[in-house]
Amino acid sequence: MKTTFTYTVLRYVHDIATGEFVNMGVALYAPEAKYISAICNPRYGRLSKMFLDVNGDHLRSVMRYIQARFEEHAAKFSSELPLAEKPKSILEIAHGILPRDDSALQWSEPNGGITEDPATTLDQLYVRLVEKYEQREKLPSRQDEDVWKVFRKELESKQVLSRMQSKRIIGKDYDYEFQHAWRNGTWNLYEPISMDLLDADSILDKANRWLGRATNLKDSTEQFHLWILIGEARIEKLRPAYTKALNILKKMPVQKDFISEQEANKFSSELADEMGKHTVG
């Protein structure tokens, strides 16, 4: 069924005087479909080439904050009763998360249209307004956020994403905050990990970092199950390194499962069924 939607673009405005900007994300609101979501780009390589004094680490942190807050809004909006007051506009939501001020990140004036699938429309807008302008010299490499995009769409379509929340697991000597978690007696932690990197050393180093991270979280007082949403290496010559990396990850001394991108639809359906059973229980 067709429904109306509005969207706004998140822009990095380096100099208010010149008005020069770079699109960094898109947020979309379809009230009748009870849909709110955003895709924010935490990569700042393009900005660094254009503006030499960009604080990349701070920008990445802010972009992840915005993404997480939109996911919280989506969860709240989808669970509200039909008579609950809806946000008036996409800008009301966006400015509630990132207020209008004189900082570099600014929301554009809203635009909109009609769609049969708000999630697909959001993806299309992101590709057209943000992703197509990224000139990546190292195109084959994908970040964890790129892998999450594959799963995010499936989880949203099954109304699963709205039930997730962030969860910090605290060990004796280390703690880590997982952005996507759900509890059914045990904390289920869903972590996208891209192994689609540029060289074998990077793939193996990343696997070893996660082995160390999981080892240091093992002594947490909370029970948890780690679900690794894996992004496979697409370069054929790196497949042996990818296989070794999986073997390293399998050594993580915690309860775990690995889900490939090809299994995203099936995984989301099974998770939706499990959440439904837990709600009834």
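Coordinates for the structure precede this section.
Residues numbered from 1 in each chain as written. Predicted model: local features only at pLDDT ≥ 70, side-chain atom pairs only at ≥ 80, totals over all residues. Heavy atoms only, no water.

J.: I keep staring at the overall build of the chain and nothing clicks. Help me out?
T.: Helix and strand content of the chain: eight helices and 10 strands. In the chain, 71% of the contacts between residues at least 6 apart in sequence involve partners at least 24 apart. Total accessible area on the chain stands at roughly 14900 Å², and carbon and sulfur atoms take up 50% of it. (Helix = DSSP H or I, 4+ residues; strand = E, 2+ residues; numbered from the N terminus. Contact = heavy atoms within 4.5 Å. Areas by Shrake-Rupley, 256 points an atom, 1.4 Å probe, with all protein chains shown as cover.)

J.: When you look at unusual backbone geometry in this model, what are you seeing that I'm missing?
T.: Trans peptide bonds make up most of the peptide bonds, and negative phi angles are found at most residues other than glycine. With a phi close to 55°, Lys34 is a non-glycine residue in the positive phi region. Locating Lys34 in the fold gives a position in the loop between β2 (20-30) and β3 (35-40). Positive phi outside glycine occurs at Gln159, with the angle close to 60°. Position of Gln159 relative to the elements: it lies in the loop between α5 (144-157) and β6 (165-170).

J.: Can you help me understand the pattern of salt bridges in this one?
T.: When the charged atoms of two side chains with opposite charge come close together, those side chains can pair. Overall, the coordinates contain 15 salt bridges when judged by the stated rule. Salt-bridge contacts for Arg64 lead to Glu145; the nearest nitrogen and oxygen are separated by 2.7 Å. One end of the pair, Arg64, is in helix α2 (residues 56-79); the other, Glu145, is in helix α5, and 81 residues separate them in sequence. Overall, Arg64 belongs to the partly exposed group, its relative accessible area being 44%. Residue Glu232 is joined to Arg239 by a salt bridge in which the shortest nitrogen-to-oxygen separation is 3.4 Å. Salt bridges linked by common partners bring Arg142, Asp196, Arg234 and Glu261 together as one network. (Salt bridge = Lys/Arg side-chain N within 4 Å of Asp/Glu carboxyl O. Buried < 20%, exposed > 50% of the residue type's maximum accessible area, 1.4 Å probe, protein only.)

J.: Help me out: how do you make sense of the environment of Ala181 in this one?
T.: In this structure, Ala181 sits in strand β7 (residues 175-183). With 46 residues separating them in the primary sequence, Ala181 and Trp227 have C-alpha atoms 9.6 Å apart. Contacts of Ala181, omitting those with residues within four sequence positions, involve Arg163, Met164, Gln165, Lys167, Trp187, Asn188, Leu189 and Tyr190.

J.: Quick question: what am I supposed to make of the sheet that holds strand β10 (residues 255-260) here?
T.: The strands that make up a sheet pair up through hydrogen bonds in the backbone, lying either parallel or antiparallel. In space, the five strands of this open sheet follow the order β6-β7-β8-β9-β10, with mixed pairing throughout. Because the sheet does not close on itself, it has two edges, and the strands there are β6 and β10. The average angle at which neighbouring strand axes cross in this sheet is 40°, direction not considered. Together, β6, β7, β8 (187-194) and β9 (224-231) form the strand contacts of helix α6 (residues 200-217), whose direction differs from that of β7 by roughly 80°. In this fold helix α7 (residues 239-249) packs onto β9 and β10, with an angle of close to 175° to the strand it touches most, β9. (Pairing = 2+ DSSP bridges. Axes fitted to C-alpha atoms, helices over the stretch in contact; angles between N-to-C directions.)

J.: Got a minute to help me understand the side chain of Glu191 in this structure?
T.: Note that Glu191 resides in strand β8. Although buried, Glu191 forms no salt bridge, and the nearest oppositely charged side chain, Arg213, lies 5.7 Å from it. There is a polar contact of 3.2 Å between the side chain of Glu191 and the side chain of Tyr176. Every residue in contact with Glu191, bar those within four places of it in the chain, is listed here: Tyr176, Phe178, Trp210, Leu226, Trp227, Ile228 and Leu229. (Lys, Arg positive; Asp, Glu negative; His and termini not counted. Polar contact = N/O pair within 3.5 Å; in protein donor to acceptor, adjacent residues only side chain to side chain.)

J.: Which parts of the structure should I look at to understand the pairing of β7?
T.: On a regular strand, one side chain projects to one face of the sheet and the next to the other, so that they alternate. Pairing between β6 and β7: five bridges, direction antiparallel. Pairing of Ile169 across the sheet is with Tyr176, part of β7. Here β6 folds back onto β7 in antiparallel fashion, the turn holding four residues. When β7 meets β8, the two strands line up antiparallel, connected through three bridges. Bridging from a neighbouring strand, Trp182 pairs with Asn188 of β8. If you look at the hairpin formed by β7 and β8, you'll find three residues sitting between the two strands, and Gly185 has a positive phi there, around 100°.

J.: Help me understand the nonpolar core in this model?
T.: Among the nonpolar cores identified, the biggest contains 29 residues, and Phe178, Leu189, Met195, Ile203, Ile230, Leu249 and Met252 are the most heavily contacted of them. Elements represented by at least two residues in this core include exactly β7, β8, α6, β9 and α7. When residues no more than four places from it in sequence are discounted, the contact partners of Met195 are Ile203, Lys206, Ala207, Ile230, Gly231, Glu232, Ala233, Tyr242, Ala245 and Leu249. Met24, Ala27, Ala38 and Ile97 belong to the second largest nonpolar core, which has 23 residues in total. (Core = buried A, V, L, I, M, F, W, Y, C linked by side-chain atoms within 4.5 Å.)

J.: Looking at this structure, how should I read the packing of aromatic side chains?
T.: Geometry of an aromatic ring pair is reported as the spacing of the ring centres plus the angle between the planes. A complete count under the given rule lists nine aromatic pairs for this structure. Look at Tyr176 and Trp210: their rings are 5.5 Å apart centre to centre, the planes differ by 75°, and that puts the pair in the edge-to-face class. Of this pair, Tyr176 sits in strand β7 while Trp210 is found in helix α6, placing the two residues 34 residues apart along the sequence. Look at Trp210 and you get buried, because its relative accessible area is 4%. Both rings, one in Phe178 and one in Trp210, keep their centres 6.4 Å apart while their planes meet at 40°; by these two values the pair is tilted. On the criterion of sequence distance, the pair formed by Phe178 in strand β7 and Trp210 in helix α6 is long-range, its members being 32 residues apart. The residues Phe178 and Trp210 share a single accessibility class, namely buried. Connected via pairs of aromatic rings, a cluster forms that spans Phe151, Tyr190, Trp227 and Phe267. The ring of Phe21 has Arg11 sitting right over it, with the charged end atom 4.2 Å from the ring centre. Above the ring of Trp210, the side-chain terminus of Arg213 is found at 4.5 Å from the ring centroid. (Phe/Tyr/Trp six-rings, centres within 6.5 Å; stacked < 30°, edge-to-face > 60°. Lys NZ or Arg CZ within 6 Å of the ring centre and 35° of its normal.)

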